Amino acid sequence: MTLALPTPNGFKFANTEPNSPKVTGAMLTVTISLKNPVDENLFGSAPYNTYISRKLGNGEVIEVHFPGYRPTKFASKRQFGSNHDDTDKSTDKFYQTEDNLPWAMIIPQVWEHPKEKVDLSLDYPEILDWASSRGKSKKDWYKP
């Protein structure tokens, strides 16, 4: 399933560029119905290793997982350590920066995200304490 926000006239992307009008997306609920019961231990506990992926023109697959979750066997390993990625397989550190900022997060409520390419810590400074503690302190950094 591919979902995309409609792009406002005169802009390349939705909700990312300065002065662009805000576009509201749809809330989705996904229900998975199984024909046969499955042992609940098979899946473990939430949050699950849900992720997004994209196949590049050269065949490489880029994946974005929640912090600490391992990539699938299809993910390009060449991306690890590039740009701001500080992956360290020996410590199970995946999809985080050197300061432990994650590439993806679960935020359990509706929240106002900043524009694309705007440092999240400018609007939510407590995220830095949350990240440096690896999620143990400032757990509600996203609340107004």
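Before reading on, note that the structure itself is shown above.
What you see is a predicted model, and the numbers here were worked out from it, not measured in a lab.

Student: How do you make sense of the overall build of the protein chain when you look at a structure like this?
Tutor: Secondary structure assignment for the protein chain yields two helices and two strands. Secondary structure elements of the protein chain, listed N to C terminal, follow the sequence β-β-α-α. Within the protein chain, the proportion of its 144 residues that are buried is 26%. Across the protein chain, the fraction of contacts at a sequence separation of at least 24, relative to all contacts at a separation of at least 6, is 33%. When the accessible surface of the protein chain is split by element, carbon and sulfur atoms take 54% of a total near 11,400 Å². Mean positive and mean negative side-chain charge positions of the protein chain (18 and 18 charges, respectively) differ by 6 Å.

Student: Explanation requested: the environment of S133 in the structure shown.
Tutor: Counting through the fold element by element, S133 comes out in the segment after α2 (127-132). Taking the C-alpha atoms as reference points, S133 and N100, separated by 33 residues in sequence, lie 8.4 Å from one another. Reaching out from S133, the side chain makes a polar contact with the backbone nitrogen of S137 at a distance of 2.9 Å.

Conventions we followed
Residues numbered from 1 in each chain as written. Predicted model: local features only at pLDDT ≥ 70, side-chain atom pairs only at ≥ 80, totals over all residues. Heavy atoms only, no water. Helix = DSSP H or I, 4+ residues; strand = E, 2+ residues; numbered from the N terminus. Buried < 20%, exposed > 50% of the residue type's maximum accessible area, 1.4 Å probe, protein only. Contact = heavy atoms within 4.5 Å. Areas by Shrake-Rupley, 256 points an atom, 1.4 Å probe, with all protein chains shown as cover. Lys, Arg positive; Asp, Glu negative; His and termini not counted. Charge placed at Lys NZ, Arg CZ, Asp CG, Glu CD. Polar contact = N/O pair within 3.5 Å; in protein donor to acceptor, adjacent residues only side chain to side chain.

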